[in-house]
Amino acid sequence: MLEAVELKDGVYWVGAVDWNIREFHGYSTTRGTTYNAYLIKGEKTALVDTVKAEFFPEMLSKIESIINPAQIDYLVVNHLEMDHSGGLPQFMGLAPKAQIVATDNGIKGLARHFRGDWPLIKVKSGGELSLGSKTLQFLEAYMLHWPDSMFTYVKEDRLLLPNDGFGQHYASYQRFDDELPSLEPVMEEAAKYFGNILMPLSPLIPPLLKKVGQMGLEIEMIAPSHGIIWRSHVERIIQAYVGWSTGAAENRALIIYDSMWGSTATMAKAISQGMSQAGLENKLLHVRKNHYSDIVKEILTAKILVIGSPTLNEGIFPSVAQLLSYLKGLRPLKKKGVAFGSYGWGGEAIKAIEGEMKAMGIEVLEPGLGVIYVPGDNDLKSCFQLGERIAHSL
Ligand code: FEO
């Protein structure tokens, strides 16, 4: 039997570790992930969220190490997405007296997902549910990141269960931040998660954090539904969210490009040399050699995006166009950029990149730099000088 892990007196992790997932609806998950479900036991018992359907037996085994599921009174649905609700129908089949607790949008979404006939309790922000010695308090987190999203707070334990919020796709045999040899990989995954999932919803985050304060929710532990539980670095992850959601970034440039025959790549290197010479930290990211979800993680914390593409069929090279399309949906905050690229005759990609940048609110620092066919010495000097000017603009 798989054992549950106790977080607080009477609060247990009953989730599952997905060590080998490498792709999560298009997002690369090189470090795997976890689906965290939590069992809270007072005089009554609640399960908060379930796991992806295929991991249901693992969750069940952990629940059974604590309680017979038939004795569970409530299933709190913080979020409907299938990685958290996939096990819901199987669980409800084993828990005949369980009532489902969700927001109005959660209840509507449940009907669309499962069409089950289960007893439902609708809750709003500030609503409470007593388990006897434990009290659950709810906070609607509309559009963070689905309309149904909700945070559950266990008052007596000062424990926040924010589902996807503060999560990271990080598989580990350890459950807590302070058990890891280094927190940096987890912070990296938290940033990647924020960049790819929450970045377009950034404006909603500071008001939600403010509401947490107004409701007087003191937070001693944050137990998200993916990855590691924050116990010793609660303030660090909250402050990281404050920064990411307000567009705080480092004086750092990313040169993001693709190249057909090496000319745009040569330009990228010369721009990088100019930046380096002027003391600006920079990094080259070839879009077909880096997963787009990793590029977005880098973009989250860089002020400058220099985007290069050859011109193909009077437009942007497909790999660069794909990245820009994805990035536009993520609505990056407070970025500045310049376009560049090699071309044979038309050079339309440069203007098209600038158009995409402006459409997503990136400030274009200066007209893009184009080079016909292969860059010569003067062209490379221009690229170098562009890198220097960008560096000096900071
Ligand atoms: Fe982890 Fe939005 O699901």
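Residues numbered from 1 in each chain as written. Predicted model: local features only at pLDDT ≥ 70, side-chain atom pairs only at ≥ 80, totals over all residues. Heavy atoms only, no water.

### Details of the domain arrangement of the protein
Moving on, step 1. Taken domain by domain, the protein consists of domain 1 (5-245) and domain 2 (251-393).
Moving on, step 2. Placing a centre on the C-alpha atoms of domain 1 and another on those of domain 2 gives a separation of 38 Å.
Moving on, step 3. With 14 residues of domain 1 at the interface, the matching set in domain 2 holds 15 residues.
Moving on, step 4. Interface of domain 1 and domain 2: buried area, both sides summed, is about 1,200 Å²; carbon and sulfur atoms make up 61% of it.
Moving on, step 5. Summed over the three residues of domain 1 that lose the most area to domain 2, namely Asn 196, Met 199 and Pro 200, the buried surface amounts to 44% of that side.
Moving on, step 6. Run the count over domain 1 and domain 2 and you get two salt bridges.
Moving on, step 7. Across the salt bridge formed by Lys 192 and Asp 294, the nearest N and O atoms sit 2.8 Å from each other.
Moving on, step 8. At the boundary of domain 1 and domain 2, one finds seven residue pairs in polar contact (both at pLDDT 80 or more).
Moving on, step 9. The set of elements that each furnish at least two residues to the side of domain 1 that touches domain 2 consists of β5 (27-28), α5 (184-198) and α7 (234-245).
Moving on, step 10. Sorting elements by how many residues they give to the side of domain 1 that touches domain 2 places α5 first, with six residues.
Moving on, step 11. Looking at the side of domain 1 that touches domain 2, its residues break down into six nonpolar, six polar and two charged. (Domains from an automatic or database assignment. Contact = heavy atoms within 4.5 Å. Buried area = accessible area lost by both parts, 1.4 Å probe. Salt bridge = Lys/Arg side-chain N within 4 Å of Asp/Glu carboxyl O. Polar contact = N/O pair within 3.5 Å; in protein donor to acceptor, adjacent residues only side chain to side chain. Helix = DSSP H or I, 4+ residues; strand = E, 2+ residues; numbered from the N terminus. Nonpolar A, V, L, I, M, F, W, Y, C, P; charged D, E, K, R; others polar.)

### Quick word on the side chain of Ser 293
Moving on, step 1. Looking at the secondary structure, you find Ser 293 in helix α9 (residues 292-300).
Moving on, step 2. Looking at Ser 293, its side chain comes within polar contact range of the side chain of His 291, at 2.7 Å.
Moving on, step 3. In this view, Ser 293 contacts Tyr 27, Ser 28, Lys 192 and Asn 196; residues no more than four positions away in its chain are not counted.

### Focus: the nonpolar core
Nonpolar side chains in soluble globular proteins tend to end up buried together.
Moving on, step 1. Counting 90 residues, the largest nonpolar core has Val 14, Leu 47, Phe 91, Trp 230, Ile 237, Trp 244 and Ile 256 as its most contacted members.
Moving on, step 2. If you tally residues by element for this core, the top one is α5, at eight residues.
Moving on, step 3. Two domains share this core, each providing at least three of its residues, namely domain 1 (5-245) and domain 2 (251-393).
Moving on, step 4. Excluding residues within four positions of it along the chain, Leu 47 makes contact with Val 14, Ala 37, Tyr 38, Leu 39, Met 59, Ile 63, Ile 72, Tyr 74, Leu 75, Val 76 and Phe 91. (Core = buried A, V, L, I, M, F, W, Y, C linked by side-chain atoms within 4.5 Å. Buried < 20%, exposed > 50% of the residue type's maximum accessible area, 1.4 Å probe, protein only.)

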